[in-house]
There are 2 protein chains.
Amino acid sequence: MSTTTTVSVSGMTCGHCVSAVSEELEAIDGVEAVAVDLNAGGISTVTITSGKELSPAEIGEAVAEAGYLVVANEA
Amino acid sequence: MSTTTTVSVSGMTCGHCVSAVSEELEAIDGVEAVAVDLNAGGISTVTITSGKELSPAEIGEAVAEAGYLVVANEA
């Protein structure tokens, strides 16, 4: 059974940002897919599908590793 | 003797865009250095230092290869 987690991320402006965030999130154990609804200049919505529950901390750390900030844990 | 060429490029929004454009321009034969003054959401200024004169066509092609557009051949 898969779990879907949605977070709001600021500062993403282009497809390269999408790639950077997606790569970091996909590296989390259990993550199956990452979808980004890019809103350049605003708040982007990132949806993560995983085989187990993800903690806000591990998502926040992965996004920060890519250089961006989770601004809300529900989009 | 080095030549400096300055062009205006649209659509660059972040450091990843700067890297992409710089890499393509640095791959042109004779290019020694590339400096980008990023103006996210506007027109960025790209300064290219080279050991020989560069044609607008080869600069335009390299920028397009990275996915962006030269909007003026002088910044």
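Residue indices follow the written sequence of each chain, beginning from 1 at its first position. Chain A is the first chain written and ligand 1 is the first ligand written, with later ones labelled in order. Where local features are concerned, this predicted model is filtered to residues with pLDDT of at least 70; where side-chain atom pairs are given and counted, the filter is 80 or more; whole-chain, interface and lining totals use all residues. The basis for the side-chain values is all heavy atoms of the structure; hydrogens and waters are excluded.

### What to know about the sheet that holds strand β3 (residues 43-50) of chain B
All names here are of chain B. For clarity, the cut-off: Paired strands, in this sense, are two strands between which DSSP finds at least two bridges. Working definition: helices are DSSP H or I runs of at least four residues, strands are E runs of at least two. Numbering for both runs from the N terminus. What counts as an axis is a line fitted to C-alpha atoms, over the stretch in contact for a helix, and the angles between N-to-C directions run from 0 to 180 degrees. Residues count as neighbours in contact if any of their non-hydrogen atoms are within 4.5 Å of one another.
Spatially, β2-β3-β1-β4 is the arrangement adopted by the four strands of the open sheet, whose pairing is antiparallel. Either end of the sheet is taken by a strand with one partner, and the two such strands are β2 (31-37) and β4 (69-72). Each neighbouring strand pair of the sheet contributes to a mean axis angle of 40 degrees, computed without reference to strand direction. Strand direction decides the pairing type here: strand β1 (residues 3-10) and β4, joined by three bridges, are antiparallel. Residue pairing across strands places Val9 opposite Val70, the latter belonging to β4. The strands touched by helix α1 (residues 15-26) are β2 and β3; relative to β2, the strand with the most contacts, the crossing angle is about 160 degrees.

### Description of the nonpolar core
Selection rule: Residues belong to a common nonpolar core when they are buried Ala, Val, Leu, Ile, Met, Phe, Trp, Tyr or Cys residues joined through side-chain atoms within 4.5 Å. Three exposure classes are used, based on accessible area relative to the maximum for each residue type with a 1.4 Å probe and protein chains only: buried under 20%, partly exposed in between, and exposed over 50%.
Formed by 40 residues in total, the largest nonpolar core has its most connected members in Leu25 and Ile48 of chain A together with Leu25 and Ile48 of chain B. Contacts of Ile48 of chain A, omitting those with residues within four sequence positions, involve Thr3, Thr4, Thr5, Val7, Leu25, Val31, Ala33, Val34, Leu54 and Ile59 of chain A.

### Things to note about the relation of the copies chain A and chain B
Rules: Each copy is superposed on the other by least squares, with the fit set by C-alpha atoms of residues at a pLDDT of at least 70 in both.
Under the fitted operation, chain A is carried onto chain B by 0.0 Å of movement along the axis and a turn of 179 degrees, and the coordinates agree to an RMSD of 0.0 Å. Both copies are brought into coincidence by an operation consistent with a two-fold rotation axis.

### Looking at the interface of chain A and chain B
Convention followed: Two parts lose some accessible area (1.4 Å probe) when they are put together, and adding that loss for both gives the buried area. We count a salt bridge whenever a side-chain nitrogen from Lys or Arg sits within 4 Å of a carboxyl oxygen from Asp or Glu. Contacts described as polar in this section are N or O atom pairs within 3.5 Å, which, within protein, must combine one atom able to donate a hydrogen with one able to accept it, while residues neighboring in sequence count only if both atoms come from side chains.
On the side of chain B, six residues touch chain A, which itself brings six residues to the contact. For the pair chain A and chain B, the two sides together bury roughly 420 Å², of which 64% comes from carbon and sulfur. Here chain A is connected to chain B by zero salt bridges. Counting the contacts that link chain A with chain B gives one residue pair in polar contact (both at pLDDT 80 or more).

### As for the pattern of salt bridges
Residue and element names in this part refer to chain A. Counted under the stated rule, the structure contains two salt bridges over all chains. The shortest N-O distance in the salt bridge between Lys52 and Asp29 comes to 3.2 Å. Of the two residues, Lys52 is situated in the loop between β3 (43-50) and α2 (56-65) and Asp29 in the loop between α1 (15-26) and β2 (31-37); the sequence distance between them amounts to 23 residues. For Asp29, a relative accessible area of 57% corresponds to the exposed category.

### Some remarks on the UniProt feature "domain: HMA" (unreviewed entry) in chain A
What counts here: UniProt positions are given in the numbering used here, feature names are shortened, and annotations may be inferred rather than shown by experiment.
Cross-referencing UniProt, the feature "domain: HMA" (unreviewed entry) maps to residues 3-71 of chain A in the present numbering. The distance from the first to the last C-alpha atom of residues 3-71 of chain A is 21 Å, and the span holds 32% helix and 38% strand.

### Some remarks on a nonpolar patch on the surface
Residue and element names in this part refer to chain A. Quick reminder of the rule: For patches, a residue must show more than 30% relative accessible area and have no salt bridge; joins then use 9 Å for like charges and 5 Å for nonpolar side chains, namely Val, Leu, Ile, Met, Phe, Trp and Tyr. Surface accessibility follows the Shrake-Rupley procedure with a 1.4 Å probe radius. Residue values consider only the protein chains on display as shielding.
There is a patch of nonpolar side chains on the surface, built from Ile43, Leu69 and Val71 and spanning about 260 Å² of accessible area. Counting through the fold element by element, Leu69 comes out in strand β4 (residues 69-72). On the basis of relative accessibility, which here comes to 53%, the residue Leu69 falls in the exposed class.

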